[in-house]
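Examining the three-dimensional arrangement
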Amino acid sequence: MRDGLVRAVVLVVTVSLTLVLLPIAINVGTGGTAPAFLEPYVGWAWPLIGVLWVVAIVTALLEVRNRRLPVVSSRSADQPRNRPNALARIDRYISDRRAGSLASRTRIALALDEHPDAVVRPYDLLVQPLDSAPRRVPDEADIATVFDELQDSMLILGAPGAGKTTLLLELARNLSEQAHADETKPIPVLVDLAGWGAQPTRQSDDDPADSALLAGFVRWLLYELNDRYGIPAPVGRTWLRTGRLALLLDGLDEIAEPDRSKLAPVLGELSRNYLIGQIAVTCRTHDYERLPHQLSLYGAVHIRPLTRQQVLDYFAAVGPALDGARAAIEQDDELWDLVNSPLMLNVMILAYQGREPEDVIAGGVADLRRELFDTYICEVLARNRKAGRQYDSKTAVRRLWCLAWWTRSRAGDRTAVPRWMTPNGWFGLSLPEVDYLTHAVCLPALFAALSAGATLVMIAQYGALVGLAVAAATLLLVHLIPHPWQKLPGSAPDRLPVLAVLFVTGTAITVLVTVAALGIVELLTAKLTLGIEAALIAGAYCVELIVFHANRRRLLLGVRLVVVVATSWITLILGDATGFASGVAIALLVAQGIRMVKALPTDHLAATADKGWRMDPWVVGGAVVAFLVALVLGADLSTPQLSAVAGILVGAVAAKPWRRRPPVLAGPLSRLLHDSLLRWTGYLPWHRSAFLQYAADRYVLARTGRGQYAFIHLLVRDHLADCSPDQLAAKVDHRIAERAARR
C-alpha cells in the first residue's frame, strides 16, 4: 500500500509538470515567449519533459504490474470481492513460502505428541483437568485434523528445525481450502511474531476498550496484514472483531526476549475483546518452557525428533541419488544425533546428494554441526553455477555473512533480509579492509577535496591571496583536535579508484556549495548577511558559555570574541563589506565541512596512542591542485582583497567552538559512506535483487514475497553469521576444484 501511494504521487507529479511545461515549450518553439522567471531555463524544457515522460511510463508500468494482484478495497469490509481477493493474495503468499522452503524438497511425515499440560485450557479453569499426560497423535492424522480436534486453538512446539513453520504452512493451506469452499469459515492469515515489540502505546483509532499493550499489538497486526496481504487496516479491524480471521502466529521464540512473556496476557485479552475463532502459535520447546506464563489455548502438540527408521525409509524411497548421504550417516554415528529434524535432514541431503559413497568416505564426514553446515554451504554454492548471475566464492560468502550478521542483530523478523542496510550506522562491524579505506583513503580524499574546492572558488572570485587564506584556514581547522582518524595496519584493494572518486566528487560538491554561498551573499546584500552571521556566531558562543563552566575555557572564548569583534569592526570601517561577509561565510562553511568529515570515521574502534595519518599533506595537496587548475583556467591571481582575507580569519576563529556538536547530516553521510565501502569490498551486493535470487536458487535464502527474502532457517543464518567468510570461501573454492577435477 505504501509503495502504491508513492507510485501514485510520482505519477501525478510527473504528469502535472509535463502538462505545465509542454505548452510553454511548444509556445517557445513556435516563436512565442516564456514567463520571465523561466526564460533562463527554456533550453532545458524539452530534455526535462523527456525525463518526466520516462519516469511516468516506468511508474505506470510498475503500477500495472502491482495491480495484477487482486485488490482488497478499504471502502467496506463487506464488499463482495474483498474475501476472494484476500484469499487469492494469501494463497499466493503460502505458495511462495512453501516453494522457497527446504521442506518442499523433503516430504516426510512428522510425528506428533499431544501435550495438554503445555497450555492453560479455558475449561481447566472451571474443572479439575483429568487428561494432562502427553499422548501420541495417530500417524495418519494430518495437522488440520489435529487442529479441529483441539477446537481450532493450538500451540505447536518443537526443537529448532523440527518443522514448526512447515506444519503451520500446511495448516494455512488447509484452512484456506476450507475458506474457499465455505464462506462462513474464517480467512487464515500467517504472521511472523518476530516483528512485534511490546510497546504500550495508544492512537486515536484504537479501540477504547483495549489496554495500551493490546492496542499496540492490534495496530501491529493490522499493519502486517496490510503489508503482507494488502488487507487495509479498517477492513482487518472489522474482520478481527467479527471472527472472520484465523490467526496463525509463527515464532513466539523470535520475539525479543524481554517481550516474550507479554504475549500470553495480550492473547488472553485479545480473545476476550475480539472474536477469535481459530488461532495457532508456534514456539521452540526450550524457549516456551522458560516463559513465566503459559498461553491460554485448547491444546498443544510437540513435534517428535526424526527416528533412524524414518531417515532410512526416506533414503530407500529416494533411491541411489542419496547413496552418498547414506554412506555419511552410516560411517559416523554422531551424525545420527544431528539428523533428527527435517531441517538437518535437508541440510545433509543437499550436502551429499549426488556424491558417490566412495567420494564421501575418502573425503571424510562432517562429525559436528558446524562442519555439516560448512559442507552444506560449500555444496550448494559449488553447484548450479551456469544459470543467472554468477559470483565468485569470496564475494558470495562475504555477502551472505554480512546479510546474516545484520539480520541477526536487527530488531523485528530475525530471518527476513532487510530492504535497507543503513539504519544503525556502522552496524557494529569492524572489518579491517573497510576501516582501512575509511581512515587511510576516504578521510584524506575528503579533506583534500574540501581544501581544493573552496580554494579554487575563492581564487577565481578574489585572487591568490584569498585562496591562500582559505587553504591556511582549512589546514588550521583540520589540524585542531579532535583527530578521529587512526593509523590501522593492512591495506585494501583498489584504493586509487576510491581516492579518485571521492576527491573528484567532494571537490565538485564543495565548488557548488561555495558558489551558492557567494551567490546568496550577493543576493542578500552585505548588511543582511553580516547580521545573520553575527547571530549565528553569537548563538554558538552563548551555548559554549552556558555548557562549559571552566574559567580558563571561558577566558579563551572571551579572547576569541574580542578578536572577532575587533577585526570585524576595523575591516568594516576600512574595507569592502561584501568581501568581508563572503569571507566569513566561506570560512564558516569550511569549518562545518571539516566537522562533517571528522564525524565520518568509524566510532567503534578503540582509541590508540598513535596519532595516525597526518592530514596536513592532503590539505596542502588539495590547495596546490586548486592553484594549478586556476592557472590553467586563466584566473586573475593578483586581485588584492584584504577584506575577504579578514573575513576568512574571523570566520575561522569564530567557528572553533562549533566543533563540540556533530553536524546534523553526519549520521546519514557516515552510514552512506560505510554502506558504499561494504559494497566496494564485496560485503554487500551492488545489485541486491540479483544476489538474493542467486542465494535463493541455492537454498540459502527463501523467497517469502514479491521482492522479499529470508534465510531458510535460523540455524543457517546463525551459522553464516558466526563463520569466517574468507575461510568458508576457501572451502567453497576447494569443493569447486574437486568437482571440476572429476569431470
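Check the entry above for the structure.
Notes on the structure follow. Quantities reported herein were computed from a predicted structural model and do not represent experimental measurements. (Residues numbered from 1 in each chain as written. Predicted model: local features only at pLDDT ≥ 70, side-chain atom pairs only at ≥ 80, totals over all residues. Heavy atoms only, no water.)

1. Overview of the overall build of the protein
Stated formally: Secondary structure is summarised from DSSP: a helix means a run of H or I of at least four residues, a strand means a run of E of at least two, and numbering begins at the N terminus for each. Relative accessibility thresholds used throughout: buried, under 20% of the residue-type maximum; exposed, over 50%; partly exposed, between the two (1.4 Å probe, protein chains only). Residues count as neighbours in contact if any of their non-hydrogen atoms are within 4.5 Å of one another.
From N to C terminus, the protein includes 29 helices and nine strands. Out of the 743 residues in the protein, the part that is buried amounts to 50%. Counting only contacts in the protein whose residues sit at least 6 apart along the sequence, the fraction spanning at least 24 positions is 79%.

2. A few points about the layout of surface pockets
Test applied: A cavity, in this analysis, means grid points on a 1 Å lattice covering only the protein atoms where a 1.4 Å probe fits yet has no way out; a pocket is instead an open set bounded by protein on both sides within 12 Å along at least five of seven lines, and a residue lines either one if it has an atom within 4 Å of a point. Grid points are joined across faces, edges and corners, and a volume is the space filled by probe spheres set on the points. Charged means Asp, Glu, Lys or Arg here, nonpolar means Ala, Val, Leu, Ile, Met, Phe, Trp, Tyr, Cys or Pro, and polar covers whatever is left, Gly included.
Estimated volume of the second largest pocket: approximately 1300 Å³. What lines the second largest pocket is a set of 41 residues, and nearest its centre among them are Ile509, Thr510, Val513, Met596 and Leu669. For the lining of the second largest pocket, the elements supplying multiple residues, two or more each, are helix H18 (432-462), helix H20 (495-524), helix H21 (526-547), helix H23 (577-598) and helix H26 (666-680). A per-element tally of the lining of the second largest pocket places H20 first, with 15 residues. Here the residues of the lining of the second largest pocket are counted per class, giving 32 nonpolar, eight polar and one charged.

3. Description of the packing of H18 against H20
Put simply, the rule reads: For helices, the fitted axis covers only the stretch in contact; all axes are lines through C-alpha atoms, and the angles between them, taken along N-to-C directions, range from 0 to 180 degrees. The hand of a helix crossing depends on one turn: near helix anticlockwise from the far one by less than a right angle means left-handed, and clockwise means right-handed.
Across the interface, H18 lies against H20 with an axial gap of 7 Å and an inter-helix angle of 35°. Considering only the axes of H18 and H20, their crossing is right-handed.

4. As for the packing of helix H11 (residues 308-318) against helix H12 (residues 323-331)
Put simply, the test is: Working definition: roughly parallel below 35 degrees, roughly antiparallel above 145 degrees, roughly perpendicular at 65 to 115 degrees, and oblique for all remaining angles.
The interhelical angle for the contact between H11 and H12, taken along N-to-C directions, is 155°, at an axis separation of 10 Å. In terms of orientation, H11 and H12 fall into the roughly antiparallel class. As for the relative orientation of H11 and H12, their crossing is left-handed in sense. Only Ala325, Arg326 and Ile329 of H12 make contact with H11, whose side of the interface consists of Val311, Phe315 and Ala316. Among the residues making up the contact of H11 with H12, the classes are represented as five nonpolar, no polar and one charged.

5. Details of the pairing of strand E5 (residues 245-250)
Across a regular strand the side chains alternate sides, sitting on one face of the sheet and then on the other. Heads up, the rule is: A pair of strands is labelled paired if DSSP reports no fewer than 2 bridges between them.
Across the six residues that make up E5, a large majority, six, are buried. Alternating residues of E5 divide into Leu245, Leu247 and Leu249 and Ala246, Leu248 and Asp250, and every residue in both groups is buried. Bridge analysis of strand E4 (residues 187-192) against E5 gives six bridges, and the strand direction is parallel. Considered in E5, the bridge of proline 188 is made with alanine 246. Where E5 and strand E6 (residues 278-284) come together, four bridges link them in parallel fashion. Residue pairing across strands places leucine 247 opposite isoleucine 279, the latter belonging to E6.

6. Observations regarding the pattern of salt bridges
Any two side chains of opposite charge can pair if their charged atoms end up close together. Put simply, the rule is: Any Lys or Arg side-chain nitrogen found within 4 Å of a carboxyl oxygen on Asp or Glu counts as a salt bridge.
This structure, assessed with the given rule, holds 16 salt bridges. Of the charged contacts, one joins aspartate 192 and arginine 228 as a salt bridge, the two residues approaching to 2.8 Å between their closest N and O atoms. Of the two residues, aspartate 192 is situated in strand E4 and arginine 228 in helix H6 (residues 212-229); the sequence distance between them amounts to 36 residues. Aspartate 192 sits in the buried class, given a relative accessible area of 10%. One connected set of salt bridges, linked through shared partners, spans Glu170, Arg173 and Glu177.

7. Here we look at helix H27 (residues 688-697)
Buried within H27 we find Ala690, Phe691, Leu692, Tyr694, Ala695 and Ala696. Backbone geometry just after H27 places tyrosine 699 at a positive phi near 60°.

8. Let's talk about the sheet that holds strand E7 (residues 299-303)
Here seven strands make up an open sheet; going across it, the order is E2-E1-E7-E3-E6-E5-E4 and the pairing mixed. Each edge of the open sheet carries a strand with a single partner, namely strand E2 (135-136) and E4. Looking at chain direction, strand E1 (residues 112-114) and E2 are connected through two bridges and run antiparallel. Across the sheet, glutamate 114 pairs through a bridge with arginine 135, a residue of E2.

9. What to know about unusual backbone geometry
With a phi close to 60°, glutamine 151 is a non-glycine residue in the positive phi region. Position of glutamine 151 relative to the elements: it lies in the loop between helix H4 (143-149) and strand E3 (153-158). The class for glutamine 151 is partly exposed, based on a relative accessible area of 45%. Positive phi values are uncommon outside glycine, yet aspartate 152 reaches one of about 60°.

10. Concerning H23
Threshold: By definition here, a helix of n residues has an expected span of 1.5 Å times n minus one.
Taking 1.5 Å per residue as the helical rise, H23 with its 22 residues ought to reach 32 Å, and the 32 Å between its terminal C-alpha atoms agrees with that figure. The buried fraction of H23 amounts to 18 of the 22 residues, a majority that puts the element mostly inside the structure.

11. Let's talk about the pairing of E3
Burial of E3 is extensive: six of the six residues sit out of reach of the surface. By the alternation rule, side chains of E3 split into Ser153, Leu155 and Leu157 and Met154, Ile156 and Gly158, which are all buried. In this sheet, E6 lies alongside E3 in parallel orientation, the contact comprising six bridges. The residue of E6 that forms the bridge with glycine 158 is arginine 284. Note that E3 and E7 share four bridges and pair parallel. From the neighbouring strand, leucine 155 faces E7, where its bridge partner is alanine 300.

12. Quick word on a nonpolar patch on the surface
Note the threshold: Each patch is built from residues lacking any salt bridge and having more than 30% relative accessible area; the joining distance is 9 Å for like charges and 5 Å for nonpolar side chains (Val, Leu, Ile, Met, Phe, Trp, Tyr). Here, Shrake-Rupley sampling with a 1.4 Å probe gives the accessible areas, and only protein chains in the shown set may cover a residue.
On the surface, Val620, Val624, Leu628 and Leu631 cluster together into a nonpolar patch covering about 350 Å² of accessible area. The residue leucine 631 is located in helix H24 (residues 616-632) in this model.

13. Observations regarding the environment of serine 409
Residue placement: serine 409 occurs in helix H17 (residues 393-409). Taking the C-alpha atoms as reference points, serine 409 and alanine 721, 312 residues apart in sequence, are found 9.7 Å from one another.

14. What about the packing of aromatic side chains?
Rule in force here: Pairing of aromatic side chains here covers Phe, Tyr and the six-membered ring of Trp, requires ring centres within 6.5 Å, and sorts the geometry by plane angle: under 30 degrees stacked, over 60 edge-to-face, intermediate tilted. By the criterion adopted, a ring carries a charge over it if an Arg CZ or a Lys NZ lies within 6 Å of its centre and within 35 degrees of its normal.
Using the criterion set out here, one finds seven aromatic pairs in the structure. On the numbers, 5.4 Å between centres and 85° between planes, the contact of tyrosine 93 with tyrosine 229 is edge-to-face. On the criterion of sequence distance, the pair formed by tyrosine 93 in helix H3 (residues 82-100) and tyrosine 229 in helix H6 is long-range, its members being 136 residues apart. Of the two residues, tyrosine 93 and tyrosine 229, both sit in the buried class. Ring centres 4.9 Å apart and planes at 70° place the aromatic pair tyrosine 391 and tyrosine 694 in the edge-to-face group. Of this pair, tyrosine 391 sits in the loop between helix H16 (369-382) and H17 while tyrosine 694 sits in helix H27, and the two are 303 residues apart along the sequence. Put simply, the rings of Trp196, Phe217 and Trp220 pair up and form one aromatic cluster. Residue placement shows arginine 399 over the ring face of phenylalanine 691; its charged tip is 5.7 Å from the ring centre.

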